[in-house]
Amino acid sequence: MDKVLSYLTLNTRQFHELSLRARVVLSQLPLSMTVLLILAGGLLFHPDLFESQAFLVGVGLQALLLAVCVLVPWDRLPYASFLVIPLLDFIPIGFMRHGAGTIITGVGLLAVFPVIWLAASGLFPRAALAAGFLASLGIVWVPVFVTDDAITSQSLTQSVLLPFIMFAIGMTIRVMTASMMAQQEVVETKDRALQALLEESARRERLLDTVVNSVDIGLIALDETGRQVLANRKLEQFKAIAGGTRETAEADLQVFQQDGRSPLPEVRRPTRRAAEGQVFSDYLLWWGERPNQRVLSTSSRLLLNQSGAREGSVVTFNDVTELVTALNAKDEFVATVSHELRTPLTAIRGYLELLTSMPDLEPDVASGLEVVSRNSERLHKLVVDLLSTAEGSPEISVRPTDFSALVTERVSAAQERNTNPLVRFEVHAEPDLVAMADAPRVSQVLDNLLSNAVKYSPGGGRVSVHAAEVDGEVECSVTDEGSGMSAEELRGVFSKFFRTSAARNAAIPGVGLGLALSKAIVERHGGTITCRSVEGQGSTFTFRLPLAHADQQQLQPQEP
Ligand code: ADP
């Protein structure tokens, strides 16, 4: 009922939502109301109108049709059935027009209502137009034929304008209805597409929600301003370990550095770094306090929009406590074993030194002792490397160091040690490079890179060393023309115990610790080390160390 009232107050948007019966009644009402007006006008000004039987029959039929509209359950009948009402409307109009005669003129114009209804229904458009025209013609001509008056051309053409006007009105309504329906169709199609999109988007959201909350990894998504837009359940668990709740800001969580005790500065916390647009992988953090402390590996990736601009970041938190514990246990084991090896080895080396320095040794004994001595040196180097890598983060003490001199010195030492005559060395070091470095440790790095360059160049070639200041840092690269590595091998080159299959197959001595140790030393200086290599063509290892600033450039005497 509300909807009918709403329609009557010209809120036409709701007309299509009404039941078919209500729509039929509403479509019939304008005609019925106009008839009511004519009746009222007749009562007031033309009482003689009620003497015409034809007029009264017309009014009665009209009232009957309105009752039919109200009583018939149109919704249950075939859809187009209601068209019978506008078609039948022409009969009472014909009667009323004839009955009103000259008392009230223009009653025939009432035909405009069924004509509009037929045309606006959009059903059977041609038939509806023809029916409107013929029925209007019928209104005009039937009385001419059924009355006793003589049929003249004058009586036939007297009101023939009416059917043509009705036809024109029907046509206009038809065109307007067709265009309206086409527009409505477009709107409905768009509406359906939008609806489908909304459903799809809701489905995706449910899917995302399920996936995000079922993975065993903590997740945070940030928008481009760094505001959190999504966080999963696992992250809440991690926050709880770090003494927080769902709402706690990252800065207030108990997050520690590698020692598990020193709080991690706010600027180095993962979400903060991601909010600044940084991309990182496997960034290890110690969450919560002991004994419940967990080690989380965090990574951040950018979210890009269609034009490639950053519209946020996603940070992941993966619990790697067990892995880190296992790695620590392995390092402890390696450290213990190498420690145990070092003591007897020291005794062996001491006695060897004593033996080799004895005078008048048999040549056979002397050369045998030489072999033992060489191998014990290798064993010693191995034990030292093992101990250093097991230490994890090597102890260093930095001071302004003449890097140019250090490079030249280590290349000369490598040249002296070199037994491959096909290898030749080149040094290009900018003079007066002063780095903030631990000289013995950096020597270890250089020695390792140089001995690798020689070891992995069995066919010889040039080993060139460059040292220069680049972007406010000291950069040093060691390039060889040796065996090189594949892209796959390159990925693991700085891992402990990594050896390429070529190195293993060619039985080149080594255990795969030198580069891992070199990386640890360089990173302990706050520097970086990288490697470029092409299989069969050679490799370049490049490391960077902090430059000593002008006020630090006072060189300190090197310890022997
Ligand atoms: P080691 O040389 O004792 O095996 P490293 O850690 O120094 O251990 O090197 C690890 C591995 O990386 C080597 O075994 C070798 O396979 C590869 N590698 C290192 N340097 C080079 C190089 N200059 N050219 C080709 N391969 C190299």
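A rise of 1.5 Å per residue sets the reference length of helix α14 (residues 439–455), with its 17 residues, at 24 Å; its end C-alpha atoms lie 24 Å apart and thus fit the reference within 8%. Burial runs high along α14: 13 of the 17 residues are buried.

Here we take up the sheet that holds strand β3 (residues 255–256). On the basis of which strands lie adjacent, the open sheet formed by 6 strands has the order β2-β1-β6-β5-β4-β3 and antiparallel pairing. The open sheet has two edge strands with one neighbour each: β2 (228–231) and β3. Where strand β1 (residues 218–223) lies against strand β6 (residues 310–319), 6 bridges are found, and the strand directions are antiparallel. From the neighbouring strand, Ala-221 faces β6, where its bridge partner is Val-314. Contacts between helix α9 (residues 233–241) and the sheet are confined to β1, β2, β4 (280–287), β5 (294–304) and β6, with β1 contributing the most and set at about 105° to the helix.

What follows covers the nonpolar core. If you look at the biggest cluster of nonpolar residues, it comprises 37 residues, and the most contacted ones within it are Phe-403, Val-407, Phe-425, Val-442, Leu-450, Phe-541 and Phe-543. Looking at which element gives the most residues to this core, the answer is α14, with 8 residues. The residues touching Phe-541, leaving out its near neighbours within four places in the chain, are Leu-449, Cys-476, Ser-477, Val-478, Met-485, Val-493, Phe-494, Leu-515, Thr-530 and Cys-531. Within the second largest apolar cluster, 35 residues are counted, among which are Leu-49, Val-59, Phe-90 and Ala-111.

According to the domain assignment, the protein chain consists of domain 1 (2–190), domain 2 (215–319), domain 3 (325–390) and domain 4 (399–552). Each of domain 1 and domain 2 has a C-alpha centre, and these two points are 74 Å apart.

Most of helix α17 (residues 514–524) is tucked away, with 8 of its 11 residues classed as buried. Every buried residue belonging to α17 is among Gly-514, Leu-515, Ala-516, Leu-517, Ser-518, Ala-520, Ile-521 and Val-522, and all of these are buried. Looking at the residues trailing α17, positive phi occurs at Gly-526, about 85°.

Turning our eyes to something else, we now look at the site of the ligand. Taken together, 21 residues surround the ligand, and among them Asn-452, Tyr-456, Arg-499, Thr-500 and Leu-515 come closest. Within the contact set of the ligand, an oxygen atom lies 2.8 Å away from a side-chain nitrogen or oxygen of Asn-452. A distance of 3.2 Å separates an oxygen atom of the ligand from a polar backbone atom of Gly-514. Considering the ligand on its own, with 530 Å² of exposed area, one finds that the protein chains cover 97% of that surface.

The next point concerns the pattern of salt bridges. Overall, the coordinates contain 23 salt bridges when judged by the stated rule. Of the charged contacts, one joins Glu-266 and Arg-272 as a salt bridge, the two residues approaching to 3.6 Å between their closest N and O atoms. Given the relative accessible area of 45%, Glu-266 is considered partly exposed. According to the relative accessible area criterion, Arg-272 is partly exposed, its value standing at 31%. The shortest N-O distance in the salt bridge between Lys-381 and Asp-385 comes to 3.2 Å. Here Lys-381 pairs with Asp-385, and both are found in helix α12 (residues 363–391), just 4 residues apart, close to one helical turn. Three or more residues joined by partner-sharing salt bridges are found here, namely Asp-471, Glu-473, Glu-475 and Arg-544.

On the surface, a nonpolar cluster with roughly 370 Å² of combined accessible area is contributed by Val-57, Val-84, Leu-88, Ile-91 and Phe-95. Ranked by residues supplied to the nonpolar patch, first place goes to helix α4 (residues 84–100) with 4 residues. Of note, Val-84 is situated in helix α4.

Now for the packing of aromatic side chains. Following the criterion strictly, the structure yields 10 aromatic pairs and no others. For the ring pair Phe-133 and Phe-164, a centre distance of 5.2 Å and an interplane angle of 65° mean the geometry is edge-to-face. Taken as a pair, Phe-133 in helix α6 (residues 125–146) and Phe-164 in helix α8 (residues 161–214) lie far apart in primary sequence, 31 residues in all. Given the relative accessible area of 46%, Phe-164 is considered partly exposed. Measuring from ring centre to ring centre gives 5.8 Å for Phe-133 and Phe-167, while their planes differ by 80°; the resulting arrangement is edge-to-face. You can see Phe-133 sitting in helix α6 and its partner Phe-167 sitting in helix α8, a full 34 residues away along the chain. Ring-pair connections join several aromatic residues into one group, and the members of that group are Tyr-79, Phe-82 and Trp-117. Against the face of Phe-280 rests Arg-273, its NZ or CZ located 4.3 Å from the ring centre. One residue, Arg-273, lies across the ring of Tyr-283, its end atom 4.4 Å from the ring centre.

Below, the discussion takes up the side chain of Asn-232. Within the fold, Asn-232 resides in the loop between β2 and α9. Separated by 2.8 Å, the side chain of Asn-232 and the backbone oxygen of Ile-217 make a polar contact. Within polar-contact distance, the side chain of Asn-232 engages the backbone nitrogen of Leu-235 at 3.1 Å. When near neighbours in sequence (up to four residues on either side) are disregarded, Asn-232 contacts Val-212, Asn-213, Val-215, Ile-217, Gly-218 and Leu-219.

The relative placement of two packed helices is expressed as an angle between their axes plus a distance between the axes. Taken N-terminus to C-terminus, the directions of helix α13 (residues 403–417) and α14 make an angle of 45°; their axes are 10 Å apart at the nearest point. Compared by their axis directions, α13 and α14 come out oblique. α14 is crossed by α13, and the crossing has right-handed handedness. For the pair α13 and α14, the contacting residues are Phe-403, Leu-406, Val-407, Arg-410, Val-411, Ala-414 and Arg-417 in the first and Ala-439, Val-442, Ser-443, Leu-446, Asp-447 and Leu-450 in the second. For the contact of α13 with α14, the residue count by class is 9 nonpolar, 1 polar and 3 charged.

Definitions and limits used
Residues numbered from 1 in each chain as written. Predicted model: local features only at pLDDT ≥ 70, side-chain atom pairs only at ≥ 80, totals over all residues. Heavy atoms only, no water. Helix = DSSP H or I, 4+ residues; strand = E, 2+ residues; numbered from the N terminus. Expected span 1.5 Å × (residues − 1). Buried < 20%, exposed > 50% of the residue type's maximum accessible area, 1.4 Å probe, protein only. Pairing = 2+ DSSP bridges. Contact = heavy atoms within 4.5 Å. Axes fitted to C-alpha atoms, helices over the stretch in contact; angles between N-to-C directions. Core = buried A, V, L, I, M, F, W, Y, C linked by side-chain atoms within 4.5 Å. Domains from an automatic or database assignment. Near = heavy atom within 4 Å. Polar contact = N/O pair within 3.5 Å; in protein donor to acceptor, adjacent residues only side chain to side chain. Areas by Shrake-Rupley, 256 points an atom, 1.4 Å probe, with all protein chains shown as cover. Salt bridge = Lys/Arg side-chain N within 4 Å of Asp/Glu carboxyl O. Patch = residues over 30% accessible without salt bridge, like charges linked within 9 Å, V, L, I, M, F, W, Y side chains within 5 Å. Phe/Tyr/Trp six-rings, centres within 6.5 Å; stacked < 30°, edge-to-face > 60°. Lys NZ or Arg CZ within 6 Å of the ring centre and 35° of its normal. Parallel < 35°, antiparallel > 145°, perpendicular 65-115°, else oblique. Left-handed = near helix turned anticlockwise from the far one by under 90°. Nonpolar A, V, L, I, M, F, W, Y, C, P; charged D, E, K, R; others polar.

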